[in-house]
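Coordinates in review
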Amino acid sequence: MAGRWKNTLTENDVTTEAAFLNRRQIMAGLAGVGLAGIGGAARAAPLQPNSWEDITSYNNFYEFGTGKDDPARNAHTLTTKPWTVKIDGLVDKPGDYDFDDIMSKMTIEDRIYRFRCVEAWSMVVPWNGFELADLLALAGVQSGARYVAFETLYRPAEMPGQKAPILDWPYVEGLRLDEAMHPLTIMATGIYGKPMPNQNGAPLRLVVPWKYGFKSIKSVVRITLTDKQPPTTWNKTNAREYGFYSNVNPTVDHPRWSQATERRIGGGLFAKRVPTLMFNGYDEVASLYGGMDLKRNF
Ligand SMILES: Nc1nc2c(c(=O)[nH]1)N[C@H]1C(S)=C(S)[C@@H](COP(=O)(O)O)O[C@H]1N2
Ligand SMILES: [Mo]
């Protein structure tokens, strides 16, 4: 359990973003924090984290209902101990990885990230978690792997939303291997130094801050390395509206609404919408998409 709850900051401790800057982020100089003067990040809205209340009461987690307040109300039924993550496919060491065992091997960091839902609302979340690349290294990625597929728990007895065919359960997501290996991509295991609340995807969920929120799959039980682009839930539901990449892009509108601006949760009833930034402000990922037509590969 070494390091599991080494981040004991509470909400009250987070007065400035500097409180959450850790050494690794400073060294990297690019880990998505709003350091003035570093590239596009300087243009981004200041990273004043949303409150614990905002982050844990306004959620999308259709396994517990489709209303924004349903997950907070219903997700207490989810049991997360014991929890195993099956890592399989093109890896050297496939198997069932115990959550506590994973935690004992990973370095838990603080990452304050902007979070932008495809529905055009946003938050700033002070996550705790580890880099997905470190977990994949544990399993040993084989040379033929090109994509990573993710799967959420399927347990209708504890996830009442799964009793209705709202989505094609279990919820699945996917990344290209280079996206998965990018240092900004984390498996989040907590918020504000507390274990991940059920409604936010306990005990561990993906966070890919430059992509729309639905890519950040919750309560992950399986990670599969493959050589083919995996199916993804919202793309299966409506391929015209939700692509595989789903990078935040203010110049590519959703067929039914503009993506140029966003509503920051917690800003109050009369808060102005703020401009949405390309890659949600994480310009350092642009090189992953060199030569790609991002209007076609939305
Ligand atoms: N398994 C699962 N993961 C999911 C979802 C879901 O319904 N089921 N919703 C997605 C969407 S649309 C968003 S915006 C984010 C919301 O994360 P949050 O509730 O922690 O803000 O979770 C994503 N991950
Ligand atoms: Mo979303």
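Just above sits the structure.
Residues numbered from 1 in each chain as written. Chains lettered and ligands numbered in written order. Predicted model: local features only at pLDDT ≥ 70, side-chain atom pairs only at ≥ 80, totals over all residues. Heavy atoms only, no water.

What follows concerns the overall build of the protein. Scanning the protein from terminus to terminus reveals seven helices and 12 strands. Only carbon and sulfur atoms are counted for the fraction: they give 55% of the accessible area of the protein, which is about 12700 Å². (Helix = DSSP H or I, 4+ residues; strand = E, 2+ residues; numbered from the N terminus. Areas by Shrake-Rupley, 256 points an atom, 1.4 Å probe, with all protein chains shown as cover.)

A word on the pattern of salt bridges. Evaluated as defined, the whole model comprises 17 salt bridges. Of the charged contacts, one joins Glu173 and Lys215 as a salt bridge, the two residues approaching to 2.7 Å between their closest N and O atoms. In this pair, Glu173 is assigned in strand 6 (residues 172-176) and Lys215 in the loop between strand 9 (205-207) and strand 10 (220-226), connecting sequence segments 42 residues apart. For Glu173, a relative accessible area of 1% corresponds to the buried category. Between Asp178 and Arg176 there is a salt bridge, and its shortest N-O distance comes to 2.8 Å. Through salt bridges with shared partners, a single ionic network connects Asp69, Asp70 and Arg73. (Salt bridge = Lys/Arg side-chain N within 4 Å of Asp/Glu carboxyl O. Buried < 20%, exposed > 50% of the residue type's maximum accessible area, 1.4 Å probe, protein only.)

This part covers the layout of surface pockets. As a volume, the largest pocket reaches approximately 460 Å³. Around the largest pocket sit 29 residues that line it, and Asn60, Phe61, Cys117, Gly213 and Phe214 are the ones nearest its centre. Broken down by element, the residue count for the lining of the largest pocket peaks at four residues, all from strand 4 (residues 121-131). Looking at the lining of the largest pocket, its residues break down into 18 nonpolar, six polar and five charged. (1 Å grid on protein atoms, 1.4 Å probe; cavity = no way out; pocket = protein on both sides within 12 Å on 5 of 7 lines; lining within 4 Å. Points joined across faces, edges and corners; volume = space filled by probe spheres on them. Nonpolar A, V, L, I, M, F, W, Y, C, P; charged D, E, K, R; others polar.)

A separate point is the site of ligand 1. Neighbouring ligand 1 are 17 residues; Asn59, Tyr62, Glu63, Thr152 and Lys218 lie closest to it. For ligand 1, an oxygen atom lies 2.8 Å from a polar atom in the side chain of Asn59. With respect to ligand 1, the backbone of Asn60 contributes an N or O atom lying 3.3 Å from a nitrogen atom. Computed on the free molecule, ligand 1 has an accessible area of 540 Å², of which 97% lies beneath the protein chains in the complex. Here ligand 1 is seated within the largest pocket. Along the lines of polarity and charge, the residues of the shell around ligand 1 split into eight nonpolar, six polar and three charged. (Near = heavy atom within 4 Å. Polar contact = N/O pair within 3.5 Å; in protein donor to acceptor, adjacent residues only side chain to side chain. Sits in = over half its atoms within 2 Å of the grid points.)

With respect to topology, five strands assemble into an open sheet ordered 2-1-10-5-6, the strand pairing being mixed. In the strand order of this sheet, the two ends are held by strand 2 (95-98) and strand 6, each with one partner. Taken pair by pair, the neighbouring strands of this sheet meet at an average axis angle of 20°, ignoring direction. Across five bridges, strand 5 (residues 147-152) lies against strand 6 in antiparallel orientation. Paired with Val148 across the two strands is Leu175, which belongs to strand 6. The strands touched by helix 5 (residues 132-139) are strand 1 (84-89), strand 2, strand 5 and strand 10; relative to strand 10, the strand with the most contacts, the crossing angle is about 70°. (Pairing = 2+ DSSP bridges. Axes fitted to C-alpha atoms, helices over the stretch in contact; angles between N-to-C directions. Contact = heavy atoms within 4.5 Å.)

Topologically, Ser246 is positioned in the loop between helix 7 (233-237) and strand 11 (261-264). By relative accessible area, Ser246 is classed as buried at 4%. Setting aside residues up to four positions removed in sequence, Ser246 forms contacts with Lys211, Tyr212, Phe214, Lys215 and Phe298.

Another point: the packing of aromatic side chains. Enumeration according to the criterion identifies 12 aromatic pairs in this entry. Centroid distance Tyr62 to Trp234: 5.7 Å. Interplanar angle 80°. Geometry classified as edge-to-face. Residue Tyr62 is located in the loop between helix 2 (52-57) and helix 3 (70-74), and its partner Trp234 is located in helix 7; the two are separated by 172 residues in the primary sequence. Considering the side-chain rings of Phe244 and Tyr245, the 5.3 Å spacing of their centres and the 90° angle between planes classify their relative orientation as edge-to-face. (Phe/Tyr/Trp six-rings, centres within 6.5 Å; stacked < 30°, edge-to-face > 60°.)

On to the side chain of Asn198. Mapping Asn198 onto the fold places it in the loop between strand 8 (194-195) and strand 9. At 2.8 Å, the side chain of Asn198 and the backbone oxygen of Ala75 are in polar contact. A distance of 3.2 Å separates the side chain of Asn198 from the backbone oxygen of Leu78, its partner in a polar contact.

Function cannot be inferred from these measures alone, as they are strictly geometric.
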